[in-house]
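The chain contents come next:
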Amino acid sequence: MAMTWVWSGMVVSSLVFGLLTGRLDAVAAAALDGAGSAVQLGLAMAGVLCLWSGVMEVMNACGLSSELARVFRPLLRRLLPRASRDRETLAAVSANVSANLLGLGNAATPLGIQAARRMAQGCGGIASDELCILVVLNTASIQLLPTTIASVRSAMGSTAPFDILPAIWFSSLLSLIAGLSAAKLLSLRKRARP
C-alpha cells in the first residue's frame, strides 16, 4: 500500500512540475521513453533468466541442486537447530539457500516462503529467532553466480557481465555476517530481558 502512495506521489509531482514549468510535453516524452526502455530491458532479461532457469532445471534433474542443499545441512543445523528437527523444513531451507547461492532468486522465493510458513507454525504471530535468521539468510544471501545482475548488465550492453563477481562475493559475505551477527545479538538481548 505504501508503494502505491509513493508511485502515485511521484507521478502527480511530475505532472504538477511539468505544468508549472510549461514542460508537460517533456514529461510525456520522458514517460514514453522510459516505458519503451523498460520493455526492452524486460525482454532482454527474459532470455537470460530463461537460460538460467533451464540450467537450474538441469541441475535439479541430475541431482546437483539436492547435493548442494545436502552440503549446507550441517551448517543450517547449527544456525537453525529447532527448524532442523523437521526434515521438510530443513529441506526447504537448504534448497532455498542453494537457489540463492546460484543467484536464482525467483526459484528461491517459493522455497523460502514454504520454509517460513513451516517455521511460523506455533509462533503465535510473533517471528521466532530462527525465522528472523531465515529472513537474514534470504536478504543477504551469498551469490556465487549473480545471474539477475549479470542479465541486467548484459541487457544494458556490458561485454563482461560477470566481471563484478569479486565485489558481489565480498559485499554479500559482509552483509551476511553483519545480518547474522545482528540477529544473534538481538536474540541474546531479548533473552537477557527480565
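About the criteria used
Residues numbered from 1 in each chain as written. Predicted model: local features only at pLDDT ≥ 70, side-chain atom pairs only at ≥ 80, totals over all residues. Heavy atoms only, no water. Helix = DSSP H or I, 4+ residues; strand = E, 2+ residues; numbered from the N terminus. Rg over C-alpha atoms; globule rule 2.2 N^0.38 Å. Buried < 20%, exposed > 50% of the residue type's maximum accessible area, 1.4 Å probe, protein only. Contact = heavy atoms within 4.5 Å. Areas by Shrake-Rupley, 256 points an atom, 1.4 Å probe, with all protein chains shown as cover. Lys, Arg positive; Asp, Glu negative; His and termini not counted. Charge placed at Lys NZ, Arg CZ, Asp CG, Glu CD. Axes fitted to C-alpha atoms, helices over the stretch in contact; angles between N-to-C directions. Parallel < 35°, antiparallel > 145°, perpendicular 65-115°, else oblique. Left-handed = near helix turned anticlockwise from the far one by under 90°. Core = buried A, V, L, I, M, F, W, Y, C linked by side-chain atoms within 4.5 Å. Polar contact = N/O pair within 3.5 Å; in protein donor to acceptor, adjacent residues only side chain to side chain.

To continue, consider the overall build of the protein. For the protein, the helix and strand inventory stands at 8 helices and 0 strands. For the protein, the succession of helices and strands along the chain, N to C, is α-α-α-α-α-α-α-α. Relative to the compact-globule value of 16 Å for 194 residues, the protein shows a C-alpha radius of gyration of 21 Å, a clear excess of over 25%. Each principal axis of the C-alpha distribution contributes one length, and for the protein these read about 65 × 50 × 30 Å. In the protein, which comprises 194 residues, the proportion classed as buried is 29%. Counted over contacts in the protein with a minimum sequence separation of 6, partners at least 24 positions apart contribute 64%. As presented, the protein carries roughly 12,500 Å² of accessible surface, and 69% of it is formed by carbon and sulfur atoms. If the 16 positive side-chain charges of the protein are averaged to one point and the 9 negative ones to another, these points end up 14 Å apart.

Looking now at the packing of helix α6 (residues 129-139) against helix α8 (residues 165-192). Interaxial distance between α6 and α8 falls to 9 Å at its minimum, and their mutual angle equals 165°. Relative to α8, the element α6 lies roughly antiparallel. α8 is crossed by α6, and the crossing has right-handed handedness. In contact with Asp-129, Ile-133, Val-136 and Leu-137 of α6, α8 contributes Leu-176, Gly-179, Leu-180, Ala-183, Lys-184, Ser-187, Lys-190 and Arg-191.

This part takes up the nonpolar core. Leu-76, Leu-80, Val-93, Met-119, Leu-137 and Leu-180 are the most contacted members of the largest nonpolar core, which totals 21 residues. Among the secondary structure elements, those contributing two or more residues to this core are α3 (64-79), α4 (87-101), α5 (105-120), α6 and α8.

Before going further, it helps to spend a moment on the side chain of Ser-172. The topology assignment puts Ser-172 in helix α8. Of the polar contacts made by the side chain of Ser-172, one reaches the backbone oxygen of Trp-169; its length is 3.3 Å. Excluding residues that lie within four positions of it along the chain, Ser-172 makes contacts with Ala-140, Ser-141, Ile-142 and Gln-143.

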